[in-house]
Amino acid sequence: MGRRRLHERLRWTNLYTFSCIRPTAVTNNDESPALQGPGFSRVVHCNQPGLHSKKPLKYPSNSISTTKYNIITFLPKATFEQFRRVANLYFLLTALLSLTPLTPFSAVSMIAPLAFVVGLSMIKEALEDWNRFMQDMKVNSRKVSVHQGEGRFGYKNWQEVRVGDVVKVEKDKFFPADLLLLSSSYEDGICYVETMNLDGETNLKVKRSLEVTLPLDDDVAFADFTGTIRCEDPNPSLYTFVGNFEYEKKIYALDPSQVLLRDSKLRNTTLVYGVVIFTGHDSKVMQNATPSPSKRSTIEKQMDKIIYLLFTILVLISLISAVGYAVFVKFGMPHWWYLKPLDTSYIYDASKPILSGVYHLVTALILYGYLLPISLYVSLEVVKVLQATFINRDIYMCDEETGKTAEARTSNLNEELGQVDTILSDKTGTLTCNQMDFLRCSIAGVSYGLGSSDVDIAAAKHMLSEASCETGEDKDIEDLWEGSGEGLGSPERESEGSTISMVENSHNLIIKGFNFEDERLVHGNWSKEPNSGTILVFLRILSLCHTAIAEPNNKGNGFTYEAESPDEGAFLVAAREFGFEFSKRTQSSVFVREKYSPSEDPVEREFKILNILEFNSKRKRMSVIVRDENGHIILLCKGADRMFLGEPNSIILERLSKAGRIYEIETIKHLNEYGEAGLRTLALAYRALEESEYAAWNVEFLKAKTVIGPNRESELERVADMIERELVLIGATAVEDKLQNGVPQCIDRLAQAGLKIWVLTGDKIETAINIGFACSLLRQGMKQIRLSVDSSNILSLDPKKAAKENIMMQLTDASQMVNLEKDPNAAFALIIDGKTLTYALEDDLKKQFLSLAVECASVICCRVSPKQKALVTRLVKEGTGKTTLAIGDGANDVGMIQEADIGVGISGVEGMQAVMASDFSISQFSFLERLLVIHGHWCYKRIALMICYFFYKNIAFGLTIFYFEAYTGFSGQSVYDDWYMLLFNVILTSLPVISLGVFEQDVSSDVCLQFPALYQQGPRNLFFDWCRIFGWIGNGVYSSVLIFFLGIQIFSSQAFRVEGQTTDMAIVGTSMFTCIVCAVNLQIVQLMSHFTWMQHLFVWGSIATWYLFLLVYGMCSPLISGNDYQILSEALGPAPVYWAATLLIALACNLPYLVHISYQRSVNPLDHHIIQEIKHYNMDVEDRRMWKRERSKARQKTKIGFTARVEAKIRQLRWKLQKKVSLSIQTQP
């Protein structure tokens, strides 16, 4: 069945010069070098998928999985995960031993808690993995049209696609597998592909089919189609492909330009046909993926060490108990007639004391098990789930446009959010929103556009605020964010730059891609400018020098532009707004509607396109050669000229003629200003060509196009360079790569919190640098360290070795430069490309690379593959030993998200691959600030305090059992009723500690944002270091000693009641247990900084519950309550000594912590202590100057971020002001 072609009838290969030109070499089978041997064993039978059903041609299915488990592996893997926890392993052993007669407790009481803890954790793991499974199913269930035989196509799920299938992919759909492009809706097999999910780039890539497959342009053509592909084996390299295509008894060489990769998207092309080469996990994007790791937080890992320590203590006291028991059995038992020493058993046998001691060791290991808190894991799971719920329901992390909220996809890493040291971020879709806006331009040495950067505005405000200090108005740099962007115009500068004033701006951005303000150019006013002729040429370059396609929009009153790059689209929108509307492209012409005045009708002009010399990363420029309506031949050129860190990067400027440098000085100045503002700049130039000159050059150009072999690209570049000379400079453009809302503010706050930020992107280095400026990771005055290796300049028998030696030398020189720097305000920016990074990540270079990187304020890695992102993340994680967080939005970020300690996915417009692989998902990068600085800080501190408190209370409780056993001759007898021991962790102390882990706030959320340096308490691990852990262990030991020995002393040496009765074991045990319940609950009250009615209910309710239980339990039948029958109402309640001892012992147990915290707050307070006192006494309201001074102190000194740029700008303005003042003094008579 035939199909109509619309604008696709353009044969783009007639216009493109470089990557779009297909090789014409065709060889016979006998002449073709065969692809064989290791790495080149793939054979694909096109349109014959049935041949791939058996080995050795049986390949993986197209189904993908990002889950940790499946039906078969869930039980063993999840069980292994649970018993990686040493406490669970111990309790499994004790549960098994409880089935023997040696246990002091019933088997049910030992097995049931373990089964509950492990079962609850496994259910949580299953639910989280089920969510990942459902996301995988959404991807696997996508539909694609597949050839079903006899020229008929039908839709199938992605997971049903097989190697060898011919598929038809429609516009704006993702490719289901790695495909060989056979034909497209364009007549010459060209198609546009967006690879954002693979390399992060938003500009479109041009792919092209082999010429021999062009006739396969409709469904019917595939009825009898067969062919064979022999190519490389599956590998992660996104930018390479080697293979041959055998078709009609001839062999054609294949290269990456014919391959369409899975998860890239078809754009600007109605449809394409392709044959499947790699499916599922063999595809290149999945080859770049890493297995879903099992992540554990730093605190949990350290908690295991504490468990080992407590287990060692448990074994030690159990050995003491066993030895003591053996001694008593041998020397004491024969004299204790009431124990019937002659009635022996394997447990009590005076003739075999060692064997009895061994048996007692088992009993002791079970008896002292309360030192290891099994309920800790259950409580942690509950707390983390509730913390995750609060994160999910934080309305301040909800995207207003999409309604998407933050999501904690796993709750295991909540506390890890508060210990992050380094953030590794993708660029496109994460920092930026994939939109370019035309903001400013320089034409004929005059700068147009009143837009101003946030840095200029904030610096101006700060300078003005300093002048107003005398009036009592004090401004903090932090406050300069407010209103610094939207709603403010540009500062108007005097020529010296010393006077700055703010002007109001009423402009609202309503045109996508155009954020330009200057009445001198819009509405046809440009024609009134002195250099209107130069402006005319400038606007024509914008409207002609591109490869975009114009399509009528849905409203029918204009055009939409589909361009290879977003800045091309922004130029065309700007040209249209200035009155030069690109309206149509034909095979050989471009039509522009020119309108010089609002009152005039547009005039449509035709420009013949003679050649297009396209942009690439090496040339860094693009040119078109056109013939206008007067027959003049003109070369129009735009190139990436820019000023970076004070150093010119000249592409166009070095190609100017002497007569074409009239505006050079002014244009360089404007390029510098635009670059400082973080804008993306291009220089524009032209050249008029003589007919004979062009004809001679075109002959050379056509020869270069027909070159076959590896020298073809270099020949084309050489010939293009011949004509791109003697240019006349017209001006420059400045477009803004739009950041997501709040990105600069977020980065600034994270920098003040002491976090390091690396950018890992697949984009070109120029794009990444511009974004670095825009989000304040880079700034003017930074010293650039750019690591790169140009293999073409290395002449050696071993190029790899020579390249590594070159990089080693660069690393050594850069390290010396950093170490010798004396200026405290100096900052270094490290920039490295993917090719160089390949060498830098090898074992003999990676340590030196990392040591240099951590010394730099900013690190930007460009042109990196997904695999390299993961390797860099691993290097930082393992090399620094500190917590890393990776954040991204596309499939190309999955590797680093999974490799990092914490992975954050952006739930944007580019699919859900990153979210599926992440631990947390947010809809905007700016929400990362709240996720870390607020929730991360809170969760870390809550979990740290909770675990320390848990160990404290269990040591305080568990050691009293040991003391009593020693006191009673190591008899194995517990002083507490079994019900008491069961309720201690489950009821009486569980809810207060859960409330601590869920609701505790040392400071409010607003204060966390105002004092970002508070976050450093997490990375420095102030609340869970060994000093604090041993302090809490010591506090527990002190409390246990006090409770037992003071309790024994009080209750055993005197009459207990008025009638003269003395205490028995039930009275002593219940009294001691009451002291423990009161002491540990009072201790948690001292820990809490933030009280709600719920905390009061849980703490005081727990104590009340104990008394209520004691009353109800005592009222039960003696068959149930045993020796505790009526113990509260008849024995303890009427006895004043019971109440007095409880109060005395509970207060005495809490006295050391009270003294410690009082001394610390008075002599050496922590940051949050000071803030708490300021807030308590309302000093933040009554003394705003002091409050802002404290806020200023509570920032980590940083060399990146908005605040650092403002401070650098202030230093620059002060220097200029001082210079002007000194000059004025010198000129005075």
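Residues numbered from 1 in each chain as written. Predicted model: local features only at pLDDT ≥ 70, side-chain atom pairs only at ≥ 80, totals over all residues. Heavy atoms only, no water.

**As for the pattern of salt bridges**
Taken as a whole, this structure holds 42 salt bridges when the rule is applied. Linking E594 and R605 is a salt bridge whose minimum nitrogen-to-oxygen distance equals 2.8 Å. Here E594, found in strand 24 (residues 589-594), pairs with R605, found in strand 25 (residues 603-613); they are 11 residues apart in sequence, far enough to count as distant. Members of the salt-bridge network, linked through shared partners, are R621, E654, R655, D721, E724 and R725. (Salt bridge = Lys/Arg side-chain N within 4 Å of Asp/Glu carboxyl O. Helix = DSSP H or I, 4+ residues; strand = E, 2+ residues; numbered from the N terminus.)

**So, empty space enclosed by the protein**
Going through the model one piece at a time under the given rule, you end up with 6 cavities of 30 Å³ or more. In this model, the largest cavity occupies a volume close to 180 Å³. Of all the secondary structure elements, the ones that give two or more residues to the lining of the largest cavity are helix 1 (74-83) and helix 3 (107-140). Per-element tally for the lining of the largest cavity: the top contributor is helix 3, with 3 residues. Split by residue class, the lining of the largest cavity holds 1 nonpolar, 4 polar and 10 charged. (1 Å grid on protein atoms, 1.4 Å probe; cavity = no way out; pocket = protein on both sides within 12 Å on 5 of 7 lines; lining within 4 Å. Points joined across faces, edges and corners; volume = space filled by probe spheres on them. Nonpolar A, V, L, I, M, F, W, Y, C, P; charged D, E, K, R; others polar.)

**Comments concerning the nonpolar core**
Core analysis: the biggest nonpolar cluster contains 110 residues, and I947, Y976, F1024, F1073 and W1106 have the highest contact counts within it. Residue contributions to this core peak at 18 residues, all from helix 23 (residues 927-967). The contacts of Y976, once residues within four sequence positions are left out, are F957, T960, I961, M981, G1069, M1072, F1073 and I1076. (Core = buried A, V, L, I, M, F, W, Y, C linked by side-chain atoms within 4.5 Å. Buried < 20%, exposed > 50% of the residue type's maximum accessible area, 1.4 Å probe, protein only. Contact = heavy atoms within 4.5 Å.)

**As for the side chain of S923**
If you trace the backbone, S923 turns up in the loop between strand 38 (920-922) and helix 23. Using a relative accessible area of 7% as the deciding quantity, one classes S923 as buried. With residues near it in sequence (within four places) discarded, S923 still touches D399, K404, Q740, I906 and S907.

**Digging into a nonpolar patch on the surface**
Taken together, the side chains of L89, L92, L96, L99 and I111 make up a nonpolar region of the molecular surface, amounting to roughly 450 Å² of accessible area. The biggest single contributor to the nonpolar patch is helix 2 (residues 86-97), with 3 residues. Its place among the elements puts I111 in helix 3. Residue classification places I111 among the partly exposed residues on the basis of a relative accessible area of 36%. (Patch = residues over 30% accessible without salt bridge, like charges linked within 9 Å, V, L, I, M, F, W, Y side chains within 5 Å. Areas by Shrake-Rupley, 256 points an atom, 1.4 Å probe, with all protein chains shown as cover.)

**Re the pairing of strand 35 (residues 858-862)**
Burial runs high along strand 35: 5 of the 5 residues are buried. Burial of strand 35 is two-sided: the residues S858, I860 and C862 facing one way and the residues V859 and C861 facing the other way are all buried. Where strand 32 (residues 756-760) lies against strand 35, 3 bridges are found, and the strand directions are parallel. Bridge pairing links W758 to V859 in strand 35. (Pairing = 2+ DSSP bridges.)

**Here's the deal with the packing of helix 25 (residues 990-999) against helix 28 (residues 1065-1087)**
Packing of helix 25 against helix 28 leaves a shortest axis separation of 10 Å and a crossing angle of 10°. Considered as vectors, helix 25 and helix 28 are oriented roughly parallel to each other. Contact with helix 25, carried on its side by P992, V993 and L996, involves N1081, I1084 and L1087 of helix 28 and no other residues of that element. Split into classes, the residues belonging to the contact of helix 25 with helix 28 amount to 5 nonpolar, 1 polar and no charged. (Axes fitted to C-alpha atoms, helices over the stretch in contact; angles between N-to-C directions. Parallel < 35°, antiparallel > 145°, perpendicular 65-115°, else oblique.)

**Let's talk about the pairing of strand 11 (residues 250-254)**
In this sheet, strand 11 lies alongside strand 10 (residues 243-247) in antiparallel orientation, the contact comprising 5 bridges. Residue pairing across strands places N244 opposite A253, the latter belonging to strand 11. Hairpin connection from strand 10 to strand 11: 2 residues lie between these consecutive antiparallel strands, with E248 at a positive phi of about 55°.

**Topic: the sheet that holds strand 33 (residues 783-787)**
Pairing within the open sheet is mixed, and its 9 strands lie in the order 15-38-37-36-16-32-35-34-33. Because the sheet does not close on itself, it has two edges, and the strands there are strand 15 (407-408) and strand 33. Across 5 bridges, strand 34 (residues 828-833) lies against strand 35 in parallel orientation. Note that in strand 35 the partner of D833 across the bridge is C862. Across the sheet, helix 16 (residues 765-774) is in contact with strand 33, strand 34 and strand 35; its angle to strand 35 comes to roughly 150°.

**A word on the sheet that holds strand 14 (residues 271-278)**
The sheet built from 6 strands is open, its strands ordered 4-3-5-14-6-12 with antiparallel pairing. Either end of the sheet is taken by a strand with one partner, and the two such strands are strand 4 (152-157) and strand 12 (259-260). Relative to strand 5 (residues 166-170), strand 3 (residues 143-149) runs antiparallel, the two sharing 2 bridges. Paired with V146 across the strands is V167, a residue of strand 5.

**Comments concerning the packing of aromatic side chains**
Inspection of the entire model under this criterion finds 47 aromatic pairs. Aromatic pair F957 and F984: ring centres 4.3 Å apart, planes at 25°, arrangement stacked. On the criterion of sequence distance, the pair formed by F957 in helix 23 and F984 in helix 24 (residues 978-988) is long-range, its members being 27 residues apart. We note that F957, like F984, is buried. Among the aromatic residues, ring-to-ring pairing joins F957, Y976, Y980, F984, F1073, W1106, F1109 and Y1113 into one connected group. Of note, K168 hangs over the ring of F153, and the distance from its end group to the ring centre comes to 5.3 Å. One Lys or Arg, K584, reaches over the ring of F591 and ends 4.5 Å from the middle of that ring. (Phe/Tyr/Trp six-rings, centres within 6.5 Å; stacked < 30°, edge-to-face > 60°. Lys NZ or Arg CZ within 6 Å of the ring centre and 35° of its normal.)

**Here we look at the confidence of the model for the chain**
Low-pLDDT stretches of the model should not have their predicted coordinates read in fine detail. Scored by pLDDT, the chain has a mean of 81; 84% of the residues are at 70 or more. Low pLDDT, under 50, characterises residues 1-9; the predicted model gives this stretch 25 contacts beyond four residues in sequence or across chains. Contacts for the low-pLDDT stretch residues 477-509, under 50 throughout, to residues beyond four places or in other chains number 73 contacts. (pLDDT = per-residue confidence, 0-100.)

**Let's talk about unusual backbone geometry**
The general pattern is negative phi for most residues beyond glycine and trans for most peptide bonds. Unlike most non-glycine residues, D263 shows phi in positive territory, near 75°. Inspection of the secondary structure assignment puts D263 in the loop between strand 12 and strand 13 (265-267). Even without being glycine, E726 reaches a positive phi, approximately 55°. Along the chain, E726 falls in the loop between helix 14 (712-723) and strand 31 (728-739).

**Brief notes about the state of the cysteines**
Under the criterion given, the structure shown has 0 disulfides. Cysteine C637 remains unbridged, with the sulfur of C545 as its closest cysteine sulfur at 6.6 Å. You can call C637 buried: its relative accessible area is 0%. Residue C1078 stays outside any disulfide, its sulfur separated by 7.1 Å from that of C1075, the closest cysteine. Residue classification places C1078 among the buried residues on the basis of a relative accessible area of 10%. (Disulfide = S-S within 2.5 Å.)

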